[in-house]
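Examining the three-dimensional arrangement
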Amino acid sequence: MSKTRYSAFKVLKEALTGHKGWEPTWRDAEPKADGYDVIIVGGGGHGLATAYYLAKNHGITNVAVLEKGWIGGGNVGRNTTIIRSNYLLPGNEPFYELSMQLWENLEQDLNYNAMVSQRGIMNLIHSDAQRDAFIRRGNAMLFADAGCEFIEAKEVKERYPFLDMDNPRFPIKAALAQPRGGTVRHDAVAWGYARGASDLGVDIIQNCEVTGFNIENGKCLGVQTSKGEIKAGRVGVCVAGSSGRVMAKAGIKLPIESHVLQAFVTEGLKPVMDNVITFGAGHFYCSQSDKGGLVFGGDIDGYNTYAQRGNLPVVEDVCSGGMAIMPSIGRARLLRMWGGIMDMSMDGSPFIDSTEVDELYFNGGWCYGGFKATPASGFCYAHLLATNNSHEVASAYKLDRFRRGAIIDEKGVGAQPNLH
Amino acid sequence: MIINHPLLGPRDSEEFVYLGSTDLINRPTNWEEEASAEDFYQYQYIRDNIAGDHQELWYHEQGDQSWLVVSRNTLTHEITKVELAQDVARTMGRGK
């Protein structure tokens, strides 16, 4: 087990003594015969964060995280690494702001370098109506202490001369920025939470696929896995992207469709973009990694799929979105493109809730905004698993909200998952 | 993906707009009854979200504007069957 404290002194000491003192970052465990108080299904960012906060905030350390493949091999390693808390609706904004505050203290909390970079995010505005809508959103952000900055076109041009301000169809009129937004090294988030959880006694069990749930008289008693049955006092499913497949094993249908979102990175370029920029008229978002690659993405492909690859029409759509705001991107060559599976919910907002089966809990429906939510998702899911009550800022994320008419539809498109 | 349109032959999926599962054909008809709220909730919001063979509705917006039922595997994207949605709806006993 790693109890090593990382510091500049430790790096120096190891450098001078032949790097013989480093230990594995976290402990690779096998299932305990007598089971666990809590089993988390899914060793992604959200699952590992949940385990960490269960142990740290609630003192529940007899916890296992079960991962089908290897930890961090799913969506936490497939996103475009953007963090922000620039939401409009009261059900969402306080939650994402809690997440942002947790990001701000993440590295000190975990003693792990996750390269949290608050380089700022800038949403471009292309019409008068959009300006009104964004000012409204900015006010909602100010109410939640998320902070925001309205930037007039002249200043946008000065800061980012490569933007096509006078595009005939999508001229840039202004921008709404959140200076506290930015990017995080996504894999390090999984590794940092894994290390933190493991140090507190959590078992991280890889190559352990959940194949079924042991449910008797409406109560979940444990899970069946590729490594045998494991008993649990409480089971928390946290497998966004595969939620439909996993929850079907418990006989639960969800207000979710699975869709593929593609992401792209160019070859390494000289520094050009010191923040995150998003296109307001289409769907395109871009930042530059520390290695120099422009990391960008856009819309989901739009049809149900569990295949982690997309089709060419959306590649063209995303790239034309990029060309509309920064034509110079056309000279960059793509290095890689990939796809990840999204839980697209019926209103574009997630779920952190109990289910109709006792002691079985569900976290999912993150659409394509799950990465930025990782700390708050873990924080609030741990709160729910420990206390059986929703955390204050996640109290709107109920599975039955459609039945009650209490939808949280940021985009206002209704029950049309491929449009959120 | 290439969708083999029953009337027009193979067409690029880019010409189509996707709606969702063919379950959406079966809109509840009991809207006048009190109990229909639950049926409409299930129809509108709850999905089977199948991993495997999936029957789904595609609209040929940039073509002949017909609705198609496409049988497609959601794990491989392989399309095995394409029918006119009106034919499928009739076999389900719907009016059109």
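Residues numbered from 1 in each chain as written. Chains lettered and ligands numbered in written order. Predicted model: local features only at pLDDT ≥ 70, side-chain atom pairs only at ≥ 80, totals over all residues.

1. Here's the deal with the overall build of chain A
As a reminder, the rule being used: Secondary structure follows DSSP: runs of H or I at least 4 residues long count as helices, runs of E at least 2 residues long count as strands, and numbering of each begins at the N terminus. We take the radius of gyration over the C-alpha atoms and set the globule estimate at 2.2 Å times the residue count to the 0.38 power. Partly exposed residues are those whose C-beta has more than 12 but fewer than 20 other C-beta atoms within 10 Å; with 20 or more the residue is buried, with 12 or fewer it is exposed, and the C-beta atoms are placed from the backbone.
Secondary structure summary: chain A contains 11 helices and 18 strands in total. A compact globule built from 420 residues should have a C-alpha radius of gyration of about 22 Å, and chain A, at 22 Å, falls within 12% of that. Taking the principal axes of its C-alpha atoms as reference, chain A extends roughly 65 × 65 × 40 Å. Here chain A holds 420 residues, and the buried ones make up 52% of them.

2. Some details on the overall build of chain B
Applicable threshold: Contact definition: two residues whose C-beta atoms, as placed from backbone geometry, lie within 7 Å.
Counting secondary structure elements, chain B contains two helices and six strands. Starting at the N terminus, the α and β elements of chain B follow one another as β-β-β-α-β-β-β-α. If one aligns the C-alpha atoms of chain B with their principal axes, the spans along those axes are about 45 × 30 × 20 Å. For chain B, the proportion of its 96 residues judged to be buried stands at 21%. Expressed as a percentage of contacts within chain B between residues at least 6 apart in sequence, the contacts between residues at least 24 apart total 50%.

3. Describing the interface of chain A and chain B
On the side of chain B, 19 residues touch chain A, which itself brings 21 residues to the contact. For the side of chain A that touches chain B, the elements supplying multiple residues, two or more each, are α8 (243-248), β12 (256-268), β15 (293-304) and α11 (401-404) of chain A.

4. Notes on helix α3 (residues 93-104) of chain A
All names here are of chain A. Operational definition: Here the expected span of a helix is defined as 1.5 Å times the quantity of residues minus one.
Taking 1.5 Å per residue, 12 residues should reach 16 Å; α3 reaches 16 Å between its end C-alpha atoms and fits that length. The buried fraction of α3 amounts to nine of the 12 residues, a majority that puts the element mostly inside the structure. Of all the residues in α3, the buried ones are E93, P94, F95, Y96, E97, L98, S99, M100 and W103. The elements touched by buried residues of α3 are β3 (82-83), α4 (106-110), α5 (128-143) and α10 (374-387).

5. Structural notes on the environment of I230 of chain A
All names here are of chain A. For I230, the position within the fold is in strand β11 (residues 228-237). With 24 C-beta atoms packed within 10 Å, I230 lands in the buried category. Distance in space between the C-alpha atoms of I230 and D34 is 7.8 Å, their sequence separation being 196 residues. Here I230 is in contact with P31, G35, Y36, I39, A64, G222, V223 and T225, once residues within four sequence places are set aside.

6. Some details on the sheet that holds strand β3 (residues 17-21) of chain B
Residues and elements named next belong to chain B. Put simply, the test is: Criterion used throughout: strands pair if DSSP finds at least two bridges between them. To define axes, lines are fitted to C-alpha atoms, for helices over the stretch in contact only, and angles between the resulting N-to-C directions are given on a 0 to 180 degree scale.
Spatially, the four strands line up as an open sheet ordered β3-β4-β5-β6, and their pairing is antiparallel. Unpaired on one side and paired on the other, β3 and β6 (79-84) mark the two borders of the sheet. Taken over all neighbouring pairs, the strand axes of this sheet differ in orientation by 30° on average, direction set aside.

7. Here we look at the domain arrangement of chain A
All names here are of chain A. Note the cut-off: Residue ranges assigned to each domain were obtained from an automatic or database domain assignment. Polar here means any residue other than Ala, Val, Leu, Ile, Met, Phe, Trp, Tyr, Cys and Pro, which are nonpolar, and Asp, Glu, Lys and Arg, which are charged; Gly is therefore polar.
Under the domain assignment used here, chain A contains domain 1 (30-82 + 88-97 + 186-255 + 347-419) and domain 2 (118-181 + 257-345). On a C-alpha basis, the centres of domain 1 and domain 2 stand 28 Å from each other. In this assembly, 28 residues from domain 1 lie in contact with 28 residues from domain 2. Listing elements by their share of the side of domain 1 that touches domain 2, those giving two or more residues are α3 and α8. Ranked by residues supplied to the side of domain 1 that touches domain 2, first place goes to α3 with three residues. The residue inventory of the side of domain 1 that touches domain 2, partitioned by class, reads 11 nonpolar, 13 polar and four charged.

8. What to know about the sheet that holds strand β5 (residues 149-152) of chain A
Residues and elements named next belong to chain A. The mixed open sheet is built from eight strands, whose spatial order is β5-β6-β4-β13-β14-β15-β12-β16. Taken across any chain shown, the strands that pair with only one partner, and hence form the sheet edges, are β5 and β16 (334-345). For this sheet the average axis-to-axis angle between neighbouring strands, irrespective of direction, equals 25°. For strand β14 (residues 284-288) and β15, the ladder comprises four bridges, and the chain directions are antiparallel.

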